[in-house]
Amino acid sequence: MIAKKNRKLIAAFFLALTAVFHAQSQEDFESISMVLLGPSPEAEYDVYTIGDGSQSYTAKRWITPFLMNRYETTYELWYETRIIAEDLGYKFINPGQEGSNGRRAKEPTVLKNLPVTMISWYDAIIWCNALSEIHGLEPCYIYKNEILRDATDTSKCDLCECQWQNNGFRLPTEAEWEYAARKTKSGFQSGALVSGQINSEGKNDDSVPEDELCWASFNATSTRIVGTAGNPFEESAIPIPGSGKSNGAGIFDMSGNVNEFVWDWNYRYLPSNPGERATGLESGSERVCRGGSWSEFTPFICAGDRYSYDPNECYNYLGFRFCRTAK
């Protein structure tokens, strides 16, 4: 019979092997994997109603083509970009951390594909500019014709403009975010359901269990590897990113895992004219976040649910994903 001490050593050995196997399995994962969204090729706009099914006030939104990353921004991508960016003269307020329980500013570990957390809205937009420059794209965030590279200069960040026509990386507008969360192959799901709570035809289906679609406070105590909600792995294993269930548009974690920053100020929906891009208020005190998270502080995870935070705030349940204007 194997002694109790030896059994523990054997269990630890096999757990370590499992971690290595799954880490190697993640090598093929591409942290930048973008989905084209918007109107069909023959149409100039796609139209939907923001807040439908979830908000007391709704408004029409006209969506032009854009690309959205399938995954929340991983710590590995954040870290590698930040290090290069700082060498190029970029400045960040917060260095970020690996998921909800990782160490700040440290090199990525086997859990490198947890979403980055503990970064502010200011950090997110400056990072998007850095990622754009690194990839030879046109940065989007500008103040008085100056490309923003300093998150600590919060006044300029508050007053900055987004050059929507540029092809660089940026935060989605709130209208783009909800569009991506609710879009299906047959139209749009209700904002009162978790993103992806649909049947095979893309129609609303509240019989689909929420815990098969998102990491929320009822089934998670911390962040999880991006794109793994609904996968069958044991908690002791490290699941492969993207092995879980995506929503109707093929995007992961639009509900749950981490709450996601978007561009817009505050809560109010402004009416927009036909064909006009809706970008929210011109000024405010807080920036909108969407999707809810694993934390009991952000338990509302439906596709139409909304939060807002001071752009300086950072928490271990706040992250972001990026998009690009499609030309």
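Report on the accompanying structure. (Residues numbered from 1 in each chain as written. Predicted model: local features only at pLDDT ≥ 70, side-chain atom pairs only at ≥ 80, totals over all residues. Heavy atoms only, no water.)

1. Overview of the overall build of the chain
Of the regular secondary structure elements, the chain holds 5 helices and 17 strands. When its C-alpha atoms are laid out on the principal axes, the chain stretches across 75 × 50 × 35 Å. Within the chain, the fraction of its 327 residues that count as buried is 54%. Long-range pairs, those at least 24 residues apart, make up 68% of the contacts in the chain with a sequence separation of at least 6. With the model as given, the accessible surface of the chain reaches about 14400 Å², and the carbon-plus-sulfur share is 50%. Between the averaged position of the 31 positive side-chain charges in the chain and that of its 43 negative side-chain charges there is a distance of 3 Å. (Helix = DSSP H or I, 4+ residues; strand = E, 2+ residues; numbered from the N terminus. Buried < 20%, exposed > 50% of the residue type's maximum accessible area, 1.4 Å probe, protein only. Contact = heavy atoms within 4.5 Å. Areas by Shrake-Rupley, 256 points an atom, 1.4 Å probe, with all protein chains shown as cover. Lys, Arg positive; Asp, Glu negative; His and termini not counted. Charge placed at Lys NZ, Arg CZ, Asp CG, Glu CD.)

2. Examining the environment of F261
Looking at the secondary structure, you find F261 in strand β13 (residues 259–265). Separated by 87 residues in sequence, F261 and E174 have C-alpha atoms that sit 9.0 Å apart. With sequence-adjacent residues up to four places away left out, F261 is seen in contact with I119, S120, W121, L171, P172, V288, C289, E313, L318, G319 and F320.

3. Considerations on the sheet that holds strand β4 (residues 66–69)
Taken in spatial order, the 4 strands make up an open sheet running β1-β4-β17-β10, and their pairing is antiparallel. A single partner strand is all that each edge strand has here, and the edge strands are β1 (34–37) and β10 (169–170). Looking at chain direction, β10 and strand β17 (residues 323–325) are connected through 2 bridges and run antiparallel. The partner of F169 across the bridge, within β17, is R324. Helix α5 (residues 174–182) rests against β1, β4, β10 and β17 of the sheet, and its axis sits at about 70 degrees to β4. (Pairing = 2+ DSSP bridges. Axes fitted to C-alpha atoms, helices over the stretch in contact; angles between N-to-C directions.)

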